[in-house]
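Fold and geometry: a report
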Amino acid sequence: MKTQQMFRKFRHARMLEDDCFVADYTEYSNSRAGVVLAEEPFRDIEAFQLKQGRHRVRYVAVNLEQHPAFIRGIENCECFFASATPCERPWMLFLELKYCKARNIGSHTTKAISQMASVLRKLIEEEVIDAEDYRIYFNYASPANRRRQPFTHFVQTPASSLDLIEQYNAYFLGFNQLIIASPQFIRSPKMRL
């Protein structure tokens with residue numbers, strides 16, 4: 001079973017059934033906390049939210065900072081999530097957070113993609129997953145810049161989005177909140193125009 005493999009590889013992985021909030025305290029007030037995954041909203045820092053949709057979906061959450069042996073020698077994103085509810089092709093979501101000024105959002109996008117792709121490649125190389133078994137999503141979030149979403153507008157052209165799908169079989173998203181639509185799909189929130 002795929003979920004069991006993840007728990008064997010990532011002993012600090014968590015099984016969740018509620019919303020998950022992700023914040024990175026690394027550069028925040030000289031904090032030593034680093035990346036934190038929580039089931040309650042943070043009061044002191046802006047965060048990404050993975051929100052349950054209408055149907056509850058169980059999923060695995062892996063904070064990569066808690067697994068230094070796995071990320072040694074690679075660029076890495078903050079965390080990843082994977083649907084644990086049995087289905088034909090579950091989703092897997094890689095998340096990179098950038099706490100930056102609005103004018104710098106676009107300049108961080110290429111690095112964010114590279115970090116998420118690096119983790120995906122290592123999961124495949126170490127035979128933790130077979131990417132063909134998953135619907136892969138890369139999400140780049142900038143929690144301090146809620147009014148600038150989606151962040152894909154800063155660099156993503158239709159051609160570069162297709163390149164991501166071809167190269168990694170991944171869909172690129174750019175939101176501070178995503179919704180678990182089902183065991184097979186993640187969706188973006190409805191945006192006001």
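Residues numbered from 1 in each chain as written. Predicted model: local features only at pLDDT ≥ 70, side-chain atom pairs only at ≥ 80, totals over all residues. Heavy atoms only, no water.

**Structural notes on the sheet that holds strand S3 (residues 35–38)**
The strand order S3-S2-S4-S10-S11 describes an open sheet built from five strands, whose pairing is mixed. Among the strands making up the open sheet, the edge pair consists of S3 and strand S11 (186–187). (Pairing = 2+ DSSP bridges. Helix = DSSP H or I, 4+ residues; strand = E, 2+ residues; numbered from the N terminus.)

**Brief notes about the sheet that holds strand S6 (residues 79–83)**
Strands sit in the order S1-S5-S6-S7-S8-S9 across an open sheet of six strands; the sheet is mixed. A single partner strand is all that each edge strand has here, and the edge strands are strand S1 (14–16) and strand S9 (170–173). Strand-to-strand twist in this sheet, taken as the mean axis angle between neighbours without regard to direction, amounts to 20 degrees. Alignment of strand S7 (residues 91–97) against strand S8 (residues 135–141), held across seven bridges, turns out to be parallel. Of the residues in S8, the one forming a bridge with Leu93 is Tyr137. (Axes fitted to C-alpha atoms, helices over the stretch in contact; angles between N-to-C directions.)

**Looking at the state of the cysteines**
A complete count under the given rule lists zero disulfides for this structure. Its sulfur unpaired, Cys20 is 6.8 Å from the next cysteine sulfur, which belongs to Cys79. For Cys20, a relative accessible area of 0% puts it in the buried group. The exposure class of Cys79 is buried, given its relative accessible area of 0%. (Disulfide = S-S within 2.5 Å. Buried < 20%, exposed > 50% of the residue type's maximum accessible area, 1.4 Å probe, protein only.)

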